[in-house]
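# Structural description and commentary
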Amino acid sequence: MAWRHLENREHASNYERRRAMMALIEAGTPVGIVACAEGKTVGWCSVAPRETYRKLSQEQDHSEAGVWSIVCFYVPRASRGRGLASALLDAAINHAFAKGARTIEAYPVDQASPSYRFMGFRDMFVARGFHEIGMAGSRRHVMRLDR
């Protein structure tokens, strides 16, 4: 829920965040994809239409249609370094385009970044054809992939 609209975001409890996420899902709002292995959820990627998130960069043009955003990955520490984030990114790209995205926007950081690492690493997006169009703050690159 870090990039979603949520009243009192800074002070919301885990229960309130969970309840807000469930409300989005129940309303049919796209929220992301999960990775499963052996019947268990082993990872997550938040990918959805950009308008379902709060403002992600200063230069964001709200008049654009068909833009989906990839804003978050969750891979458990024990599973990192095995390609799960890359597999989630590939699946997120396929999912967004299958659901009608014309452009996918992401906000990854450099490998050495001390924060926002949950948004993915820039090189992973470059390897899939994303190109940089600017910065969101001092660490997050704004990158796009067009269909």
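Before reading on, note that the structure itself is shown above.
These remarks concern the structure in this document.

Calculation criteria
- Residues numbered from 1 in each chain as written.
- Predicted model: local features only at pLDDT ≥ 70, side-chain atom pairs only at ≥ 80, totals over all residues.
- Heavy atoms only, no water.
- Helix = DSSP H or I, 4+ residues; strand = E, 2+ residues; numbered from the N terminus.
- Rg over C-alpha atoms; globule rule 2.2 N^0.38 Å.
- Buried < 20%, exposed > 50% of the residue type's maximum accessible area, 1.4 Å probe, protein only.
- Areas by Shrake-Rupley, 256 points an atom, 1.4 Å probe, with all protein chains shown as cover.
- Lys, Arg positive; Asp, Glu negative; His and termini not counted.
- Charge placed at Lys NZ, Arg CZ, Asp CG, Glu CD.
- Salt bridge = Lys/Arg side-chain N within 4 Å of Asp/Glu carboxyl O.
- Core = buried A, V, L, I, M, F, W, Y, C linked by side-chain atoms within 4.5 Å.
- Contact = heavy atoms within 4.5 Å.

From N to C terminus, the protein chain includes 3 helices and 6 strands. Of the regular secondary structure in the protein chain, the N- to C-terminal order runs α-β-β-β-α-β-α-β-β. The C-alpha radius of gyration computed for the protein chain amounts to 15 Å, which stays within 12% of the reference 15 Å derived for 147 residues, consistent with globular compactness. Projected onto the principal axes, the alpha-carbon positions of the protein chain cover approximately 40 × 35 × 35 Å. Taking all 147 residues of the protein chain together, 40% fall into the buried category. If you sum the accessible surface of the protein chain, you get close to 8,500 Å²; carbon and sulfur atoms cover 50% of it. Considering the protein chain, the positive charge centre built from 21 side chains and the negative charge centre built from 15 side chains are found 5 Å apart.

Evaluated as defined, the whole model comprises 6 salt bridges. Taking the shortest distance from any N to any O, the salt bridge between Arg128 and Asp90 comes out at 2.5 Å. Remark: Asp90 occurs in helix 2 (residues 84-98) and Arg128 occurs in the loop between helix 3 (122-126) and strand 5 (131-136); sequence separation between them is 38 residues. We classify Arg128 as partly exposed; its relative accessible area is 25%. Among the residues examined, Asp90 registers a relative accessible area of 34% and is labelled partly exposed. Glu105 is the partner of Arg144 in a salt bridge, and the nearest nitrogen-oxygen pair spans 2.7 Å. In this pair, Arg144 is assigned in strand 6 (residues 140-146) and Glu105 in strand 4 (residues 103-106), connecting sequence segments 39 residues apart. For the residue pair Arg144 and Glu105, the accessibility class agrees, reading buried in each case. The structure contains a network of salt bridges with shared partners spanning Arg50, Glu64, Glu105 and Arg144.

Next up on the list: the nonpolar core. Residues Ile70 and Phe125 are the most contacted members of the largest nonpolar core, which totals 23 residues. Secondary-structure elements contributing two or more residues to this core are strand 1 (33-37), strand 2 (40-49), strand 3 (67-74), helix 2, strand 4, helix 3 and strand 6. At 7 residues, the largest contribution of residues to this core is made by helix 2. If sequence neighbours within four positions are ignored, Phe125 has contacts with Ile70, Phe73, Leu89, Ala106, Pro108, Met119, Gly120, Phe130 and Met143. Counting residues in hydrophobic clusters, the runner-up holds 10 residues, among them Trp3, Leu56, Tyr107 and Val142.

Right, let's talk about the environment of Lys99 for a bit. For Lys99, the position within the fold is in the loop between helix 2 and strand 4. Judged by its relative accessible area of 56%, Lys99 falls in the exposed class. Note: C-alpha distance between Lys99 and Val67 (32 residues apart in sequence) is 11 Å.

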